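Structure assessment
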Amino acid sequence: MSVSSWKRGGGEEMCPYRLVLEHVTSRWGVLILIALAERSYRFSELRRAIGEVSRVSEKMLSQTLQTLERDGLVHRDAKPVIPPRVDYSLTDLGREAADQVKALATWTERRMDDVQKARQKYDEARREYDEARL
């Protein structure tokens, strides 16, 4: 797959690959996939689990779960009991996506020192460049 295959076509609709990638790598998509890779959760449990990392509103969590469900990554199991019980889990496709996201998260954690060094080097070079232009 090349970068050109990710460009927008004649219309304003986004390439389907890019759209799914945005869903999977969104702020909440990443956290949901990683959490659900551990086990299934009820909505409130999932919100608390994600809340340990970053606060998410009910609306954003609900929207992101619906999007991931539509993409075939999350399974929503609504049980007809009182009070209502809804469990969320990953589908096989979702587990595969979660593995990829976790691998990227692990790589990021492992290489963070190198990223910070690169940022410092860039910032210093940029500062020197800006000062030389004055």
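Naming follows an unreviewed UniProt entry, where the protein appears as Transcriptional regulator of Streptomyces anatolicus.

Further remarks concern the overall build of the protein. A tally of regular secondary structure across the protein gives five helices and three strands. Each helix and strand of the protein, ordered N terminal to C terminal, gives the series α-α-β-α-α-β-β-α. Buried residues in the protein amount to 22% of all 134 residues. The contacts of the protein with a sequence gap of at least 6 include a subset with a gap of at least 24, amounting to 40%. Of the roughly 10100 Å² of accessible surface on the protein, 51% is carried by carbon and sulfur atoms.

What follows concerns the nonpolar core. Core analysis: the biggest nonpolar cluster contains 22 residues, and Ile 32, Leu 36, Leu 46 and Ile 50 have the highest contact counts within it. Here this core takes six residues from helix H2 (residues 27-38), the largest share from any one element. Each residue touching Ile 32, except ones within four places of it in the same chain, is listed here: Leu 46, Ile 50, Leu 61, Thr 64, Leu 65 and Leu 68.

Attention now goes to the packing of helix H3 (residues 43-51) against helix H4 (residues 58-70). Where H3 contacts H4, the two axes come as close as 11 Å, and the packing angle between them is 110°. Taken as axis vectors, H3 and H4 run roughly perpendicular relative to one another. Taking contact as the criterion, the partners of Phe 43, Leu 46, Arg 47 and Ile 50 in H3 are, on H4, Glu 58, Leu 61, Ser 62 and Leu 65. Of the residues assigned to the contact of H3 with H4, the class counts are five nonpolar, one polar and two charged.

Whenever strands of a sheet pair, they do so through backbone hydrogen bonds, lying parallel or antiparallel. Here three strands make up an open sheet; going across it, the order is E1-E3-E2 and the pairing antiparallel. Pairing within the sheet leaves two strands with one partner each, and these edge strands are strand E1 (41-42) and strand E2 (74-79). Where E2 meets strand E3 (residues 85-90), six bridges bridge the pair, whose relative direction is antiparallel. Within E3, the position partnered with Val 74 by the bridge is Leu 90.

This brings us to the pattern of salt bridges. Scanning all chains against the criterion turns up eight salt bridges. One salt bridge connects Arg 39 with Glu 45, and the closest N-O pair in it is separated by 3.9 Å. The class of Glu 45 is partly exposed, set by a relative accessible area of 26%. For Arg 95, the salt bridge goes to Asp 92, with nearest N and O atoms at 2.6 Å. Of the two residues, Arg 95 and Asp 92 both sit in helix H5 (residues 92-133), three residues apart, roughly one turn of that helix. Assessed through its relative accessible area of 58%, Asp 92 is described here as exposed.

Let us look at the pairing of E3. Regular strands show a simple pattern: their side chains alternate between the two faces of the sheet. Pairing between E1 and E3: two bridges, direction antiparallel. Following the sheet pairing, Tyr 41 is matched in E3 by Tyr 88.

Any pair of aromatic rings gets described here by the distance separating the centres and the angle formed by the planes. Taken as a whole, this structure holds zero aromatic pairs when the rule is applied. The ring of Tyr 41 carries the charged tip of Arg 39 above its face, separated from the ring centre by 3.9 Å.

With that out of the way, let us pick up the environment of Val 24. Considering the arrangement of structural elements, one finds Val 24 in helix H1 (residues 16-25). Here the alpha-carbon distance between Val 24 and Leu 73, two residues 49 residues apart in the chain, equals 9.0 Å.

What counts and how
- Residues numbered from 1 in each chain as written.
- Predicted model: local features only at pLDDT ≥ 70, side-chain atom pairs only at ≥ 80, totals over all residues.
- Heavy atoms only, no water.
- Helix = DSSP H or I, 4+ residues; strand = E, 2+ residues; numbered from the N terminus.
- Buried < 20%, exposed > 50% of the residue type's maximum accessible area, 1.4 Å probe, protein only.
- Contact = heavy atoms within 4.5 Å.
- Areas by Shrake-Rupley, 256 points an atom, 1.4 Å probe, with all protein chains shown as cover.
- Core = buried A, V, L, I, M, F, W, Y, C linked by side-chain atoms within 4.5 Å.
- Axes fitted to C-alpha atoms, helices over the stretch in contact; angles between N-to-C directions.
- Parallel < 35°, antiparallel > 145°, perpendicular 65-115°, else oblique.
- Nonpolar A, V, L, I, M, F, W, Y, C, P; charged D, E, K, R; others polar.
- Pairing = 2+ DSSP bridges.
- Salt bridge = Lys/Arg side-chain N within 4 Å of Asp/Glu carboxyl O.
- Phe/Tyr/Trp six-rings, centres within 6.5 Å; stacked < 30°, edge-to-face > 60°.
- Lys NZ or Arg CZ within 6 Å of the ring centre and 35° of its normal.

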